[in-house]
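# A look at the structure
What follows is each chain in one-letter form.
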Amino acid sequence: MDSSAIVFPAIAMFALTASVIAYAGGSRLVAIRRREVSIRYYRLFNEGEQTPWLHLLGRHMQNHFEVPPLFYIAVLFLYVTGSVTPLAVVLAWLYVGSRCAHTFIHLGSNNVTHRFIAFALGGLILVGLWLTLLWSVASSGVR
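First, a word on scope: everything that follows refers to the structure included in this document.

About the cut-offs
- Residues numbered from 1 in each chain as written.
- Predicted model: local features only at pLDDT ≥ 70, side-chain atom pairs only at ≥ 80, totals over all residues.
- Heavy atoms only, no water.
- Helix = DSSP H or I, 4+ residues; strand = E, 2+ residues; numbered from the N terminus.
- Buried < 20%, exposed > 50% of the residue type's maximum accessible area, 1.4 Å probe, protein only.
- Salt bridge = Lys/Arg side-chain N within 4 Å of Asp/Glu carboxyl O.
- Phe/Tyr/Trp six-rings, centres within 6.5 Å; stacked < 30°, edge-to-face > 60°.
- Core = buried A, V, L, I, M, F, W, Y, C linked by side-chain atoms within 4.5 Å.
- Contact = heavy atoms within 4.5 Å.
- Expected span 1.5 Å × (residues − 1).

### Concerning unusual backbone geometry
Positive phi outside glycine occurs at Arg35, with the angle close to 65°. For Arg35, the location among the structural elements is in the loop between α1 (7–33) and α2 (41–44). Residue Arg35 is classed as exposed on the basis of its relative accessible area, which comes to 76%.

Rendered as structure tokens:
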């Protein structure tokens, strides 16, 4: 299997994260222009308050820097150890799909049960990705 196939889900995950950052930044600018939040708030995040929507966007943006780095690390390890398999690529795409679902739910209905299911599913997929790496490295050694 072409090991570069594992890079495309990582690029897609980056695109999702970049989109969330751009959306949050744009939403903050609009809120500042509408005087819904003071620009001073963003100095130390303690001068005044931001709207609940901006708070939600900020939390969601922060989510992309909590668990997803473990995805990027797994992808990198799979690539550099020559452990990329069709299963690993499928799991990587499934993880990106779960993060897209999580984003859609969190920034849409924000149904906590549905959001948790998407998050938990992503976590299980991520564990599967790491187990795929472990199996490959343990069974054949690092190439």
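### Topic: the pattern of salt bridges
In this structure the tally under the stated criterion is one salt bridge. Notably, a salt bridge pairs Arg59 with Glu66, separated by 3.8 Å at the nearest N-O pair.

### Digging into the packing of aromatic side chains
Tallied over the entire structure, the rule returns seven aromatic pairs. On the numbers, 6.4 Å between centres and 75° between planes, the contact of Tyr23 with Trp53 is edge-to-face. Residue Tyr23 is located in helix α1, and its partner Trp53 is located in helix α3 (residues 52–63); the two are separated by 30 residues in the primary sequence. Among the residues examined, Trp53 registers a relative accessible area of 33% and is labelled partly exposed. Taken together, a centroid distance of 5.5 Å and an interplanar angle of 80° make the contact between Tyr41 and Phe45 edge-to-face. With relative accessibility at 44%, the residue Phe45 sits in the partly exposed group.

### Remarks on the nonpolar core
The biggest cluster of nonpolar side chains holds 31 residues, and the ones touching the most others in it are Ile6, Phe71, Leu78 and Leu129. Those elements giving two or more residues to this core turn out to be α1, α2, α3, α4 (68–80), α5 (86–107) and α6 (112–140). Per-element tally for this core: the top contributor is α5, with seven residues. When near neighbours in sequence (up to four residues on either side) are disregarded, Leu129 contacts Phe71, Ala74, Leu78, Ala88, Leu91 and Ala92.

### A short note on α3
When the terminal C-alpha atoms of α3 are compared, their 16 Å separation across twelve residues agrees well with the 16 Å that a helix rising 1.5 Å per residue should span. What α3 keeps buried is the set Leu54, Leu56, Leu57, Gly58, His60, Met61 and Asn63. Packed against the buried residues of α3 are α1, α2, α4 and α5.

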